[in-house]
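Tertiary structure, described
For reference, the chains in residue letters:
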Amino acid sequence: MQKIISRDMCNALMVWFDEHRREMPWRGSADPYHIWVSEMMLQQTQVATVEKYFHKWIERFPDVFALANADLENVLKVWEGLGYYTRARNFHKGAKYIVAHTKDKHALFPVNYEDWLKVPGVGPYTAAAVSSIAFKYPAAVVDGNVKRVMARLFCLGDSISTQKYHKMLFEIMNEGFHGHHPGWVNQAWMELGSLQCTPRPNCSTCPLNEHCCAYKNDQVADFPRKSEKKKIPTRYGAAFIIEKDDKVLILRRPEEGFLGGLWEYRIHIKGT
DNA sequence: AACGCGGGGAG
DNA sequence: CTCCCAGCGTT
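Read on for an overview of the structure.

Procedures and definitions
Residues numbered from 1 in each chain as written. Chains lettered and ligands numbered in written order. Predicted model: local features only at pLDDT ≥ 70, side-chain atom pairs only at ≥ 80, totals over all residues. Heavy atoms only, no water. Near = heavy atom within 4 Å. Polar contact = N/O pair within 3.5 Å; in protein donor to acceptor, adjacent residues only side chain to side chain. Helix = DSSP H or I, 4+ residues; strand = E, 2+ residues; numbered from the N terminus. Buried < 20%, exposed > 50% of the residue type's maximum accessible area, 1.4 Å probe, protein only. Contact = heavy atoms within 4.5 Å. Salt bridge = Lys/Arg side-chain N within 4 Å of Asp/Glu carboxyl O. Nonpolar A, V, L, I, M, F, W, Y, C, P; charged D, E, K, R; others polar.

1. A word on the protein's contact with DNA strand C
Neighbouring DNA strand C are 13 residues, the closest being Y84, R87, G121, T126 and G144. A share of 67% of the atoms of DNA strand C within 4 Å of the protein falls on sugar and phosphate groups. Y84 has a polar side-chain atom sitting 2.3 Å from a base nitrogen of DNA strand C. Between DNA strand C and G121, the relevant distance is 2.5 Å, taken from a phosphate oxygen to a main-chain nitrogen or oxygen of the residue. Elements that contribute at least two residues to the surface near DNA strand C include exactly α6 (85–100) and α8 (124–135). Among the elements that line the surface near DNA strand C, the one with the most residues is α8, at 3 residues.

Now the structure itself:
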């Protein structure tokens, strides 16, 4: 079967999306900064959690200048609870990068995929998401949801974590916008993966089931191909909670290495 | 190419 | 409880 997203497929997707898409605080926003904030958070966190942090973030850092001028400690404080704290640091770096590279206030943000990729903390996913949603730039998002959808749609058996696979999907999807707004098409694919083409999908109500290779061959359970699970080593250790005069001792770990830069009680990890 | 990073949800 | 998830920077 040809690995092409036809006009019919794209149209069916968008009809479904118009009816089933979820409302989100940043959806439909014309502010690229708002889009960027939401995508940085959505990289690792589900929509319901991001909604709470998004409002708090925008209130505290209303624009890219507020973020760039803030102290890193304050940035981390607002991010606290989201995890992946290196990303908050990179986001802060990214805001400084944007401000430093601004030529005038009418060209504050990059408007294409390639220039967004240069921003610290912004990789292929975020560059495609922000440039397409905020600037209609035709770059496809290839996130985990999308990979699962495409693996089924085209019966792609190769490992979905390889660069080759990623590049192929990027090219297929970049030819599949068919005149629709790239940002909305991207969001529609992700929404389909999030609501319909889930790990355990409900194919009977899927708008693309007649186009789906895995469904037509009754092989939905075989895609995406399962990857070998990596074994995570268990670390054993002890924590000492040291109190004096109503105060508790906490220490900060070195920036590099395991749990870098995070605060902790006095910990001793066995073997270190 | 492989690894580490932090939470939350599902079973 | 245990398992599963996922983008980016680093090595």
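There is more to say after this.
2. Digging into the side chain of R89
Looking at the secondary structure, you find R89 in helix α6. R89 gets classed as buried once you look at its relative accessible area, which sits at 14%. Excluding residues within four positions of it along the chain, R89 makes contact with L72, L76, E255, G260 and G261.

3. Here's the deal with the environment of I267
Its location among the elements puts I267 in strand β6 (residues 266–269). Through-space distance from the C-alpha of I267 to that of G237 is 7.2 Å; in sequence the pair is 30 residues apart. In this structure, I267 is in contact with A238 and A239, ignoring residues within four places of it in sequence.

4. Let's talk about the pattern of salt bridges
According to the stated counting rule, one finds 6 salt bridges in the structure shown. Of the charged contacts in the structure, one is a salt bridge between E191 and R27, with a shortest N-O distance of 3.1 Å. Of this pair, E191 sits in helix α11 (residues 182–195) while R27 sits in the loop between α1 (7–20) and α2 (32–42); the two residues are 164 residues apart in sequence, bridging distant segments of the chain. In terms of burial, E191 and R27 fall into one category: buried. In this structure, E171 engages K167 in a salt bridge whose closest nitrogen and oxygen atoms are separated by 2.9 Å. You can see E171 and its partner K167 sitting in helix α10 (residues 163–174), 4 residues apart, about one turn around the helix. Note on E171: relative accessible area 42%, which makes it partly exposed.

5. Some details on the protein's contact with DNA strand B
Close to DNA strand B lie 13 residues; Q44, Y84, Y85, F258 and L259 are nearest. Backbone atoms, meaning sugar plus phosphate, form 62% of the atoms of DNA strand B positioned within 4 Å of the protein. Q44 places a main-chain nitrogen or oxygen 3.0 Å from a base nitrogen of DNA strand B. A distance of 3.3 Å separates a sugar or linking oxygen of DNA strand B from a polar atom in the backbone of G81. Considering only residue class, the surface near DNA strand B consists of 5 nonpolar, 7 polar and 1 charged.

The quantities given are spatial measurements derived from coordinates; they are silent on function.
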